[in-house]
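Chain and residue survey
Listed below are the residues making up each chain.
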Amino acid sequence: MTTAAKKAKIAEKTANIERAEIHRASRDVKESAEHIADSAVEIEDSADISTILAADRTIYAAERTYAAWVRTGFAALAAGVGAKALLEHVLPLLFTQVVGTVLTLFSAFCFCAAVGRELVPRFNDPMPNARRIPKWILFLVNGTLALVAIAAMVSNWLGPYS
């Protein structure tokens with residue numbers, strides 16, 4: 001074999017090795033691109049789930065805020081009703097009636113403010129999975145509580161406790 005033939009044979013082997021390397025590298029690039037596409041879909045799905053869960057957490061936070069308003073209203077109502085009974089021998093009657101009136105009016109305000117947050121919708125997209133308390137129930141319950149607070153205020157001025 002001549003040196004030119006040996007060189008040609010070596011060049012052909014080198015070319016075959018390089019072609020095999022290029023083929024292997026292109027296959028790896030193709031697999032990598034498929035993995036990137038799959039991970040992009042997974043990231044998008046994860047972001048959608050995170051957004052929906054954030055909307056759910058917002059619903060639960062709004063319900064905790066509602067409960068805090070109602071709890072504050074109950075405390076003010078109890079204080080307003082008890083003001084006359086507890087303070088009648090300590091302070092003048094007019095002062096105890098004013099204190100009871102302010103507290104019961106504040107309780108009625110708390111009951112109305114609790115529902116006020118429900119008047120403005122907060123979600124357009126995405127819709128949360130968590131179920132909300134139906135608005136009609138909130139209006140009915142808090143309207144009744146506000147009426148009870150007003151009745152307590154009226155009885156503070158008209159009705160005897162002792």
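What you see is a predicted model; the values in this text were computed from it and never measured. (Residues numbered from 1 in each chain as written. Predicted model: local features only at pLDDT ≥ 70, side-chain atom pairs only at ≥ 80, totals over all residues. Heavy atoms only, no water.)

A few points about the overall build of the protein chain
Along its length, the protein chain carries three helices and zero strands. When its helices and strands are written in sequence order, the protein chain yields α-α-α. Within the protein chain, counting contacts between residues at least 6 apart in sequence, those at least 24 apart form 80% of the total. Here the protein chain has roughly 11300 Å² of accessible surface; of this, 68% comes from carbon and sulfur atoms. (Helix = DSSP H or I, 4+ residues; strand = E, 2+ residues; numbered from the N terminus. Contact = heavy atoms within 4.5 Å. Areas by Shrake-Rupley, 256 points an atom, 1.4 Å probe, with all protein chains shown as cover.)

Some words on the nonpolar core
The biggest cluster of nonpolar side chains holds 12 residues, and these are Tyr66, Val70, Leu77, Ala108, Phe111, Ala114, Val115, Leu138, Leu145, Ala146, Ala149 and Ala152. Listing elements by their share of this core, those giving two or more residues are α1 (3–87), α2 (93–116) and α3 (135–158). When residues in this core are grouped by element, the largest group, five residues, is from α3. Not counting chain neighbours up to four residues away, the residues in contact with Tyr66 comprise Ala114, Leu138, Val141 and Asn142. (Core = buried A, V, L, I, M, F, W, Y, C linked by side-chain atoms within 4.5 Å. Buried < 20%, exposed > 50% of the residue type's maximum accessible area, 1.4 Å probe, protein only.)

Quick word on α2
When the terminal C-alpha atoms of α2 are compared, their 34 Å separation across 24 residues agrees well with the 34 Å that a helix rising 1.5 Å per residue should span. For α2, every residue scored as buried is listed here: Thr96, Gln97, Gly100, Thr101, Thr104, Ser107, Ala108, Cys110, Phe111, Ala113, Ala114 and Val115. (Expected span 1.5 Å × (residues − 1).)

Overview of the confidence of the model for the protein chain
Detailed reading of the predicted model is not advised wherever pLDDT is low. Per-chain confidence: the protein chain averages 81 in pLDDT, with 83% of residues scoring 70 or above. Per-element confidence in the protein chain ranges from a low mean pLDDT of 80 for α1 to a high of 90 for α2. (pLDDT = per-residue confidence, 0-100.)

Focus on the pattern of salt bridges
Evaluated as defined, the whole model comprises one salt bridge. As a salt-bridge pair, Arg24 and Glu21 come within 2.7 Å of each other at their nearest N and O atoms. One end of the pair, Arg24, and the other, Glu21, are both in helix α1, three residues apart, so they sit about a helical turn from each other. With a relative accessible area of 43%, Glu21 lands in the partly exposed category. (Salt bridge = Lys/Arg side-chain N within 4 Å of Asp/Glu carboxyl O.)

Topic: empty space enclosed by the protein
Counted under the stated rule, the structure contains one cavity of 30 Å³ or more. There is about 50 Å³ of room inside the largest cavity. Among the elements that make up the lining of the largest cavity, the one with the highest residue count is α1 (four residues). (1 Å grid on protein atoms, 1.4 Å probe; cavity = no way out; pocket = protein on both sides within 12 Å on 5 of 7 lines; lining within 4 Å. Points joined across faces, edges and corners; volume = space filled by probe spheres on them.)

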